[in-house]
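The chain contents come next:
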Amino acid sequence: MGMHIAHIMASCMGGIRTSGDLVAWMQMTRKMRIHEAKAYVAEKLGVGIIDLTDEEIMRDIRKNLGIGTVTSIAGGPKGIRAKCKIADLLGINIRSVSLFKSQMGFPG
Amino acid sequence: MSTEIFESAADAILKGDSDKAVETAKKGLGEGLDPVMLINEGFIPGINKVGDMFGSGKLFLPELILAAAAMQNATDIINEAIPEGEGQSRGRFLIGTVEGDVHDIGKTIVVSLMKANGFEVMDLGRDVSTDRFIEAADKFNADIIGTSALLTTTMEGQRRLEVELKKAGLKERFKTMVGGAPVTQRWAKRIGADAFAENASEAVKLAKALLETA
Amino acid sequence: MSNDIVTRMGDGERVQLSAGEIREDIQTGTADAAQRAGVPELTAQEQERLFDIISDPSRIVSVNPGEEVIVTDDGCSMSFYSGQDGAGVGVPLSRMQAVLTYERACGADTTSLGHSDYSYKPVKPIINFEANDYYNTSMMTTAPFFYGAQPNLGLYFQPDGPCPNAAELMPMGKIDEARRAQEEAAGHLAKDLVFVGSRLADVGLEGLNFDTSGSAGDADFMAALQAVAELKRKVPDLPILMGASGEFVLGMHGEVEYEGTRLAGLYPQGQVKVIETAGADIAGVAINTATTESLPWNLSRAVTFVKAASGASNIPVHANVGMGVCGIPMMEQPPIDSVTRVSKALVQLGKADGL
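Bear in mind the structure is a predicted one, so any value in this text is a computation, not a measurement. (Residues numbered from 1 in each chain as written. Chains lettered and ligands numbered in written order. Predicted model: local features only at pLDDT ≥ 70, side-chain atom pairs only at ≥ 80, totals over all residues. Heavy atoms only, no water.)

**Student:** Which residues make up the overall build of chain C, and what are the values?
**Tutor:** A tally of helices and strands in chain C yields 11 helices and 10 strands. Expected size for 355 residues packed as a compact globule is a radius of gyration near 20 Å; at 20 Å, chain C falls within 12% of this value. Based on the C-alpha atoms only, the size of chain C along its principal axes is roughly 60 × 50 × 35 Å. The buried share of chain C, reckoned over its 355 residues, is 65%. Sequence-distant contacts, at least 24 apart, represent 70% of the contacts inside chain C between residues at least 6 apart. Side-chain charges in chain C split into 25 positive and 46 negative, and the spacing between the mean points of these groups amounts to 2 Å. (Helix = DSSP H or I, 4+ residues; strand = E, 2+ residues; numbered from the N terminus. Rg over C-alpha atoms; globule rule 2.2 N^0.38 Å. Buried < 20%, exposed > 50% of the residue type's maximum accessible area, 1.4 Å probe, protein only. Contact = heavy atoms within 4.5 Å. Lys, Arg positive; Asp, Glu negative; His and termini not counted. Charge placed at Lys NZ, Arg CZ, Asp CG, Glu CD.)

Printed below as a string of structure tokens:
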């Protein structure tokens, strides 16, 4: 367990603390290499690549876009609700989101 | 001429060609070559090369098995030519995967290379209890007991063997060798095993060294 | 010569080496990898950068801001609640709690769920339980959420499975029979991988991980590749991460091919190409750590292999950095000084897209 945390501290983008989840989605859904994935996400967010792992910047962006923040804001979207917004923001298909939308009768 | 035969012997093993290995052994003996020299300078370098190539992914298990069989066939012929008492059996090697552990691929490779290098091998298979190791080693009159473990939790079986051997007053009778993915030199030292082998080729070298110093 | 740089052996033991000894290990490590895989050695400049990373006096090192990569995991959430067998810390959390803790407390880029056995075969009879847990948890997670396990061909041989045991047939010289048994087992394995992947896809699976593919040899690796291709045909939008199990594919069969490429003996730069051909979205590479060599030697070697794989690939390459892999010492609690050095070096010099 400690080993995973050490890797996260040493070289990980930081998940939903910053934009790691967003960049990971691009690797998974578009096979993007790391630099391409970061550039894509940075462009969608309107920030520089260096800002993608800056908690101070990403915190506000995530809160404003409703794509999930690491600290729990009462009423703030997380989970499938945040992922619906992430799929729209990045223009990608997230399979759990597609299923959720179809179950709810929302347009895909 | 002897150089040519040695090269032919090594080549036969490398190609896993039993017919050629046997033919070369007969030819070498027919030309009056010292049988021990024929093994040590012809066939052994061949099987060592096979081990190295297997260890670097340049040669695969089926080829290794064929090479081991060719080696066995050639050494059988050469051993017959060695006067009584000067035979080339390297020793008796007992091996098994420890209790609770069902992984046996690495062990299989060790068995093949050990046989190819002139050891008499008894393979107890996998999930072998400590008692069974000791009982079989006694009956087989093993020189070395080799144990394999692939899990950090089953490695304890290797420690148990050391403890039980000591309790039974048999630690001095058998050399012990440990291996397996999570097993390390430090683990071997900590539990009191005589050797740790990182891979099959290393196991052969260490087994030879253990018996030379015995 | 002063012995003033503290580093580790491959089994985790702390050792002090001189600068000269560390540089020599870096050189021989990269040379070993280059010679084995037929790839370039690290340049003198790269070796010197690696030396700087290893000899940094800080306990923990890291990449520079802006260089961070994606960290996928191999069943990490299980480590919260499992025991020693899963390198687990035994906290009494449910699976969902563990996944969410990993996502939110640790800031993981991706999370995952997996069966405790961490093989696909035992998932088959309990697929509905797994699908239910996966679906429920996926409604709660924000970061990409994988399902992962190992293909593990070994479970298809007797006495654990239906096929004759290849590991027993081979030493008896029954090579053809052993090969047939492996081919038959690979057929069962590929079918199970597709079954589990398809059923989870039905409940909105976000990503599937074939972790440690090829652990039972080339037929194991082939089955995973075939399953990737089949799943991509059936479920084209399913992201798949396929990771290898060693620096070369072990030739237990020796002759199986995938799309004309012989799999046995395939080194990372070749592994990523067949993974890419099969249609996977992310390729994982694993380099064995030699416990009797030093961290500088092991890490230099790992960086050389990973850099070559990354250079050859068109899809993201993630380096496996679990215990005993890619320079991480082989021990249950790998020391954090080593872990962070491996992390930094594989990203900065190995050009990994993720870990």
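Next comes the rest of the description.
**Student:** Got a sec to walk through the overall build of chain B? Specific residues and values, please.
**Tutor:** Assigned secondary structure in chain B consists of nine helices and five strands. Taking 214 residues into account, the globule formula puts the C-alpha radius of gyration at 17 Å, and chain B, at 18 Å, falls close to it. Considered along the principal axes of its C-alpha atoms, chain B spans approximately 55 × 40 × 25 Å. Relative to its 214 residues, chain B shows a buried fraction of 52%. Contacts in chain B between residues far apart in sequence, at least 24 positions, make up 71% of those at least 6 positions apart.

**Student:** How would you sum up the confidence of the model for chain C? Please name residues and give values.
**Tutor:** Here chain C shows a mean pLDDT of 95. Residues at 70 or above account for 99%. This complex was scored by the predictor with a pTM of 0.90 and an ipTM of 0.97. (pLDDT = per-residue confidence, 0-100.)

**Student:** Report on the interface of chain C and chain A, specifying residues and quantitative values.
**Tutor:** Each partner contributes to the interface: chain C provides 68 residues, whereas chain A provides 47 residues. Where chain C abuts chain A, roughly 4,400 Å² becomes buried across the two surfaces, and 61% of that area is made up of carbon and sulfur atoms. Where chain C touches chain A, the interface holds four salt bridges. A salt bridge links Lys83 of chain A to Glu206 of chain C, with the nearest nitrogen and oxygen atoms 2.5 Å apart. Where chain C meets chain A, there are 34 residue pairs in polar contact (both at pLDDT 80 or more). Those elements that provide at least two residues to the side of chain C that touches chain A are α3 (78–81), α4 (95–104), α5 (127–138), β10 (317–319) and α11 (336–348) of chain C. When residues in the side of chain C that touches chain A are grouped by element, the largest group, five residues, is from α11 of chain C. Across the side of chain C that touches chain A, the residue classes tally to 38 nonpolar, 18 polar and 12 charged. (Buried area = accessible area lost by both parts, 1.4 Å probe. Salt bridge = Lys/Arg side-chain N within 4 Å of Asp/Glu carboxyl O. Polar contact = N/O pair within 3.5 Å; in protein donor to acceptor, adjacent residues only side chain to side chain. Nonpolar A, V, L, I, M, F, W, Y, C, P; charged D, E, K, R; others polar.)

**Student:** Now, about helix α2 (residues 20–30) of chain A: what can you tell me, with residues and values included?
**Tutor:** Residue and element names in this part refer to chain A. Most of α2 sits out of view: nine of its 11 residues are buried. All of the buried residues along α2 are Gly20, Asp21, Leu22, Val23, Ala24, Trp25, Met26, Gln27 and Met28. Phi turns positive one or two residues past the end of α2, at Lys31, with a value near 55°.

**Student:** A description of the packing of aromatic side chains should follow, citing residues and the corresponding values.
**Tutor:** Counted by the stated rule, this structure contains eight aromatic pairs over all chains. For the ring pair Phe100 of chain A and Phe106 of chain A, a centre distance of 6.4 Å and an interplane angle of 75° mean the geometry is edge-to-face. Both rings, one in Phe93 of chain B and one in Phe119 of chain B, keep their centres 6.5 Å apart while their planes meet at 65°; by these two values the pair is edge-to-face. With Phe93 of chain B in strand β1 (residues 91–97) and Phe119 of chain B in strand β2 (residues 119–123), this pair connects stretches of sequence that are 26 residues apart. For Phe93 of chain B, a relative accessible area of 1% translates into the label buried. Among the aromatic residues, those joined into a ring-pair cluster are Tyr120, Tyr147 and Phe210 of chain C. For Arg23 of chain C, the ring lying beneath its charged end belongs to Phe51 of chain C, and the centroid distance is 3.9 Å. Across from the ring centre of Tyr156 of chain C, 5.3 Å away, lies the NZ or CZ of Lys121 of chain C, which sits over that ring. (Phe/Tyr/Trp six-rings, centres within 6.5 Å; stacked < 30°, edge-to-face > 60°. Lys NZ or Arg CZ within 6 Å of the ring centre and 35° of its normal.)

**Student:** Kindly report on the sheet that holds strand β5 (residues 195–196) of chain B, identifying the contributing residues and their values.
**Tutor:** Residues and elements named next belong to chain B. One open sheet holds the five strands; their spatial order is β2-β1-β3-β4-β5, and the pairing between them is parallel. Taken across any chain shown, the strands that pair with only one partner, and hence form the sheet edges, are β2 and β5. The strands touched by helix α7 (residues 156–167) within the sheet are β3 (144–148) and β4 (175–179), with β3 carrying the most contacts at an inclination of about 150°. (Pairing = 2+ DSSP bridges. Axes fitted to C-alpha atoms, helices over the stretch in contact; angles between N-to-C directions.)

**Student:** Residues and numbers for the interface of chain C and chain B, please.
**Tutor:** Between chain C and chain B, the residue contacts involve 34 residues of the former and 26 residues of the latter. In total, chain C and chain B occlude about 2,400 Å² of area from one another, counting both sides; carbon and sulfur atoms represent 61% of this. There are three salt bridges connecting chain C and chain B. When the shortest N-O distance is used, the salt bridge between Glu63 of chain B and Arg262 of chain C registers 3.7 Å. Our enumeration of links across chain C and chain B arrives at seven residue pairs in polar contact (both at pLDDT 80 or more). Along the lines of polarity and charge, the residues of the side of chain C that touches chain B split into 14 nonpolar, 12 polar and eight charged.

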